[in-house]
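Listed below, chain by chain, are the residues.
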Amino acid sequence: MALLIITFFALALRWYYVSTAVIYEPVRGDARQYFAYAWNLVHHGTFSKSPPGAVSIVPDNYRDPGYPLFLAIWMKALGAGNAWYATVLLCQALLGALTVTAAVQLGKHWLSTRWAIGAGLLMAVWPHSIAIDGYLLTETLFGFLCTVGLLLWGNACQHKNHWLAAAAGLTFGAAALTNAILLPFGIILAAFLAWRMPALRKICLTLTIASLLLPASWSFRNIHIQNSALDSSSRDRAAQNLVQGSWPSYHSAWRQSILGNTAAKAGARTTLGAINKEYETLRAAPIQGAKEIAQRLGIHPLRYAAWYLLQKPYDLWDWDIQIGQGDIYPYPTLNSPFQTNVVWLALEIICRTFNPLLMLLALAGLLYAMVKRYSPSLPCKQPNQAALIASACLLAFATLVYTALQSEPRYSIPFRSLEILLATTTAAKIIAWRQQRET
């Protein structure tokens with residue numbers, strides 16, 4: 001009953017938000033490319049970011065196919081007008097609410113019912129997770145697939161069921177086709193758990209094979225695609241993110257180029273030009289480009305070490321979205337309940353104040369999950385720990401990947417539910433320890 005109430009509560013908040021907030025020019029930035037891919041899939045049967053109406057439709061693999069396919073399904077049924085746009089947003093509101101449901105069930109593998117319900121309530125009201133459903137961006141679908149994959153994996157380990165493990169692997173594969181950072185995660189998770197819990201080795205093998213099926217099919221398609229133009233392949237996008245993420249001034253330069261005065265825009269264009277030049281060198285001559293990046297990092301090694309080890313992980317889990325409108329908004333947003341309603345505004349202020357503490361608690365929970373000793377065999381008395389380790393692994397993996405590439409609070413939104421689960425785990429352990437001491 002509590003899970004049902006939390007699900008409807010989360011859905012009501014998200015439904016109200018997407019029905020109330022108005023996104024100024026919603027098809028912009030990344031969303032413009034996702035729309036173009038969906039349009040070309042529906043009208044030409046081709047995965048291409050060529051703009052609608054282009055004379056030549058050139059197939060590419062610059063973006064991942066999962067989210068454009070999601071948009072194309074509704075576009076095929078409803079066209080590309082207002083009905084399509086409203087349906088996509090309401091569907092994303094439903095997926096966001098179901099992500100909360102799946103995350104609470106995932107947490108039940110190692111948390112008590114009370115703590116799992118408390119974590120679910122915080123997930124339901126977290127502003128980033130509500131607001132992201134109003135944009136044509138991948139984060140909602142990606143977060144749903146990641147959470148469902150972890151839930152299926154936890155159930156597979158609990159029951160030692162290979163069919164559930166295969167379903168978890170296919171779900172991770174679908175998530176990887178929505179956001180390519182997850183491509184190696186199934187293999188890494190299987191290897192880590194096979195090492196920590198030898199009793200799970202057969203299940204881990206099933207997970208590995210299943211997680212590779214969908215990405216392998218997509219890779220087979222990409223073999224026949226000639227990506228000769230700049231910014232036409234996933235490799236170009238990864239190289240671009242790597243270069244941009246190695247410049248501490250990139251986010252501020254981007255914001256100044258959009259929001260600054262004339263002098264600030266001129267300085268920002270100079271910085272962005274240098275970043276783009278470095279990216280073009282890396283793309284044309286990878287060895288030479290890597291040497292240039294290493295040479296720049298070597299001028300101030302301590303500064304860049306602190307940037308990568310401390311600042312970038314903090315930026316990933318910070319509050320204000322940098323490449324966007326700021327606060328919790330990737331694109332300019334009007335009539336947001338978090339701006340017009342005093343209750344919603346108070347909720348955002350509370351969550352924003354609590355965000356640094358949530359980060360610290362989640363970090364402690366992650367370390368606890370990684371260093372805790374587990375039984376070498378995994379019978380029915382200790383099945384829930386595999387779900388905890390998998391959740392911690394995904395959180396650590398995402399943090400490492402985005403720290404190496406671009407670190408931006410928008411990218412952490414799909415993993416906010418896992419952050420809350422691990423923070424709740426720490427809080428539960430602290431309170432249990434205090435109660436033991438008092439006893």
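Anything mentioned here points back to the structure above.
Since this is a predicted model, take the numbers as computed values, not measurements.

Broken down by element type, the chain carries 20 helices and two strands. Computed over the C-alpha atoms, the radius of gyration of the chain is 22 Å, within 12% of the 22 Å expected from 2.2 N^0.38 for a compact globule of 439 residues. C-alpha extents for the chain along the principal axes are approximately 70 × 50 × 50 Å. When burial is assessed residue by residue, the chain has 52% of its 439 residues classed as buried. Contacts spanning at least 24 positions in sequence make up 75% of the contacts within the chain whose residues lie at least 6 apart. Accessible surface for the chain amounts to roughly 20,100 Å². Of this, 65% is attributable to carbon and sulfur atoms. Here the chain holds 33 positive side-chain charges and 19 negative ones, and the gap between their average locations is 10 Å.

Look at helix H3 (residues 66–78): 19 Å from first C-alpha to last across 13 residues, which is about the 18 Å you get at 1.5 Å a residue. Among the residues of H3, those classed as buried are Gly66, Tyr67, Pro68, Phe70, Leu71, Ala72 and Met75. Immediately downstream of H3, the backbone of Gly79 shows phi near 80°, a positive value.

This brings us to a nonpolar patch on the surface. Together, Leu170, Leu205, Ile209, Leu213 and Leu214 give the surface a local cluster of nonpolar side chains, amounting to about 440 Å² of exposed area. Sort the elements by how many residues they give to the nonpolar patch and helix H10 (residues 201–223) lands first, with four residues. With respect to the helices, strands and loops of the structure, Leu170 is situated in helix H8 (residues 162–176). With a relative accessible area of 37%, Leu170 lands in the partly exposed category.

What counts and what doesn't
Residues numbered from 1 in each chain as written. Predicted model: local features only at pLDDT ≥ 70, side-chain atom pairs only at ≥ 80, totals over all residues. Heavy atoms only, no water. Helix = DSSP H or I, 4+ residues; strand = E, 2+ residues; numbered from the N terminus. Rg over C-alpha atoms; globule rule 2.2 N^0.38 Å. Buried < 20%, exposed > 50% of the residue type's maximum accessible area, 1.4 Å probe, protein only. Contact = heavy atoms within 4.5 Å. Areas by Shrake-Rupley, 256 points an atom, 1.4 Å probe, with all protein chains shown as cover. Lys, Arg positive; Asp, Glu negative; His and termini not counted. Charge placed at Lys NZ, Arg CZ, Asp CG, Glu CD. Expected span 1.5 Å × (residues − 1). Patch = residues over 30% accessible without salt bridge, like charges linked within 9 Å, V, L, I, M, F, W, Y side chains within 5 Å. Salt bridge = Lys/Arg side-chain N within 4 Å of Asp/Glu carboxyl O.

Interpretation in functional terms is not warranted from these geometric data alone.
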